[in-house]
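Now for the letters of each chain:
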Amino acid sequence: MTSTVDVAALAGILDAARRERREIPPLSHAHPTLTVPDGYAVQAEGIRLREAQGERVVGLKMGFTSEAKRQQMNLGSPIFGVLTDRMRVQPGGVVRVGAGIHPRIEPEIAFRTSKELKGTVTRDEVLDACDAVFAAMEVLDSRFVGFKYFSLPDVVADNASSSLFVPGTLERAPRELDLTKLQMRMEVNGKVEGEARSDAISGDPVVSLIQLCALLAERGQVLPAGSLVLSGAATAAYLMKPGDHVRLTVDGLGTVEVTAAP
């Protein structure tokens, strides 16, 4: 399908907004015919720009997999974005909110693949292809004004609002746990800000990887071995402020913490 927009130009606009830490209007305001395939084309070009700046792709993330997130953003379909090495924050580390625009943090279940996955896959095939599951938090940071009032093609183009991620250190084999029944609790400064069971993520976090493989197949892509995959948020995201200490606890997967600094 031929794109209806100048993909390189839009990717450049988003990349500059990210690097300069400034908000821009949603792309669809000036380009009302922007489609989801256009959005993925812009996203891919944006990743090429980041690779040219020395970044390395390490995985993928799913978005809009929970009812809480769909309601929060008023958007309805699962999407994916790309993760790079420079997005990683060490557990117990610091997120500098001033380095972003309006960063929000959310609780996730993450996987690491040891085998390639492609096309239509089953739950068992996903479990067989993953050598680890662990708790994680993702820091989102839309480049659009107010982090709202954008369309699905907009958020896809903006790499699904990807910014940072914080992986937990306790890894388990995926078959060791009932991944649909893990209680997840995210606390900020000791107060619970989000709590849900892991089946809030696509009914089963493993389903997020099944959906991801289908989305990739639509674009002639595969999920490579060695990929880190964030399966999506279990709760609505929390707007981070300097001084916040965020702690995620997940049954069977321990805790992961991060502190927000100016």
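Because the structure is predicted, anything quoted here is derived from the model rather than measured.

A. Spotlight on the pattern of salt bridges. Tallied over the full model, the rule gives 19 salt bridges. Across the pair Lys 181 and Asp 178 runs a salt bridge, and its minimum N-O distance is 3.9 Å. Asp 178 sits in the partly exposed class, given a relative accessible area of 39%. Between Arg 197 and Asp 199 there is a salt bridge; the shortest N-O distance is 2.6 Å. Ionic contacts of the salt-bridge type, sharing partners, join the residues Asp 15, Arg 18 and Arg 19 into one network.

B. Examining the layout of surface pockets more closely. Put simply, the largest pocket is a space of about 500 Å³. Considering the residues around the largest pocket, the lining is formed by 26 residues, among which Gln 43, Ala 44, Phe 80, Val 82 and Gln 221 are closest to the centre. At the level of elements, helix 3 (36–52), strand 1 (57–63), strand 2 (79–84) and helix 7 (205–218) are the ones that each hand at least two residues to the lining of the largest pocket. Looking at the lining of the largest pocket element by element, the count peaks at nine residues for helix 3. Space inside the second largest pocket adds up to approximately 380 Å³. What lines the second largest pocket is a set of 23 residues, and nearest its centre among them are Arg 18, Ala 99, Gly 100, Ser 163 and Leu 164. Those elements giving two or more residues to the lining of the second largest pocket turn out to be helix 1 (7–20), strand 3 (94–96) and strand 6 (162–167). Counted by class, the lining of the second largest pocket contains 10 nonpolar, three polar and 10 charged residues.

C. Looking closely at the nonpolar core. Core analysis: the biggest nonpolar cluster contains 72 residues, and Ile 105, Ile 109, Met 137, Met 240 and Val 258 have the highest contact counts within it. Discounting residues that sit within four places of it in the chain, Met 137 has contacts with Ile 105, Glu 106, Phe 165, Val 166, Met 186, Val 246, Leu 248, Val 256, Glu 257 and Val 258.

D. Examining helix 3 more closely. Compared with the 24 Å implied by 1.5 Å per residue over 17 residues, the 24 Å span of helix 3 between its first and last C-alpha is a close match. Burial in helix 3 covers these residues: Asp 38, Gly 39, Tyr 40, Val 42, Gln 43, Glu 45, Gly 46, Ile 47 and Arg 50. Where helix 3 is buried, its residues contact helix 1, strand 1, strand 2, helix 6 (152–157) and helix 7. One or two steps after helix 3, the chain reaches Gly 54, where phi turns positive at roughly 100°.

E. Quick look at the environment of Ser 161. Residue placement: Ser 161 occurs in the loop between helix 6 and strand 6. In this structure, the C-alpha to C-alpha distance between Ser 161 and Val 126, residues 35 residues apart in sequence, is 25 Å. With residues near it in sequence (within four places) discarded, Ser 161 still touches Val 139, Leu 140, Asp 141, Ser 142, Arg 143, Phe 147 and Val 155.

F. A look at the packing of aromatic side chains. On inspection of all chains with the given rule, the structure shows three aromatic pairs. Both rings, one in Phe 144 and one in Phe 150, keep their centres 5.7 Å apart while their planes meet at 50°; by these two values the pair is tilted. One exposure class covers both Phe 144 and Phe 150, and it is buried. By the ring-pair criterion, three or more aromatic residues cluster together here, those being Phe 144, Phe 147 and Phe 150. In this arrangement the basic side chain of Arg 104 is found over the ring face of Phe 147, its NZ or CZ atom lying 4.4 Å from the centre. In this structure, Arg 219 packs its charged tip against the face of Tyr 40, placed 3.8 Å from the ring centre.

G. Examining the sheet that holds strand 12 (residues 254–261) more closely. In spatial order, the strands read 3-12-11-7-8; together these five strands make up an open sheet with mixed pairing. The two strands at the open ends of the sheet, each matched to only one other strand, are strand 3 and strand 8 (191–197). Between one strand axis and the next, the sheet turns through 20° on average, direction left out of account.

H. A look at the pairing of strand 4 (residues 104–113). Of all 10 residues in strand 4, nine are buried, a share of seventy percent or more. Two elements, strand 4 and strand 5 (residues 130–140), share 10 bridges in a ladder whose sense is antiparallel. When the bridges of strand 5 are listed, Glu 106 appears paired with Glu 138. Sheet analysis places strand 4 next to strand 10 (residues 238–239), joined by two bridges and oriented antiparallel. For Arg 104, the partnering residue across the bridge sits in strand 10 and is Leu 239. Across four bridges, strand 4 lies against strand 9 (residues 228–233) in antiparallel orientation. Bridge assignment links Ala 110 to a residue of strand 9, and that residue is Leu 230.

Parameters at a glance
Counting of residues starts from 1 at the beginning of each chain's written sequence and follows it residue by residue. The predicted origin of the model limits local features to residues at a pLDDT of at least 70 and limits the giving and counting of side-chain atom pairs to 80 or more, whereas totals for whole chains, interfaces and linings rest on all residues. Note that water and hydrogens are dropped before the side-chain values are worked out from all heavy atoms of the structure. By definition, a salt bridge exists where a carboxyl oxygen of Asp or Glu is found within 4 Å of a side-chain nitrogen of Lys or Arg. Burial classes: relative accessible area under 20% of the type maximum marks a residue as buried, over 50% as exposed, and values in between as partly exposed (1.4 Å probe, protein chains only). Here a cavity denotes grid points, spaced 1 Å and computed from the protein atoms alone, that fit a 1.4 Å probe unable to get out, and a pocket denotes an open set having protein on both sides within 12 Å along at least 5 of 7 lines; residues with an atom within 4 Å of a point are the lining. Grid points are joined across faces, edges and corners, and a volume is the space filled by probe spheres set on the points. We count a stretch as a helix when DSSP gives it H or I for four or more residues in a row; a strand needs E for two or more, and each element gets its number in order from the N terminus. Residues are sorted three ways: Asp, Glu, Lys and Arg are charged, Ala, Val, Leu, Ile, Met, Phe, Trp, Tyr, Cys and Pro are nonpolar, and all the rest, Gly among them, are polar. Definition used in this section: a nonpolar core is a set of buried Ala, Val, Leu, Ile, Met, Phe, Trp, Tyr and Cys residues joined via side-chain atoms within 4.5 Å. We call two residues in contact whenever any of their non-hydrogen atoms come within 4.5 Å of each other. A helix is expected to span 1.5 Å multiplied by its residue count minus one. Side-chain rings of Phe, Tyr and Trp (the six-membered ring for Trp) are treated as a pair once their centres are within 6.5 Å; stacked means planes under 30 degrees apart, edge-to-face means over 60, and tilted covers the remaining angles. In our convention, an over-ring charge means Lys NZ or Arg CZ found within 6 Å of a ring centre and within 35 degrees of that ring's normal. Following DSSP output, two strands are said to pair if at least two bridges run between them. Angles here are taken between N-to-C directions and fall from 0 to 180 degrees, while the axes themselves are lines fitted to C-alpha atoms, restricted in helices to the stretch in contact.

Everything listed here is a matter of geometry and, on its own, says nothing about what the molecule does.
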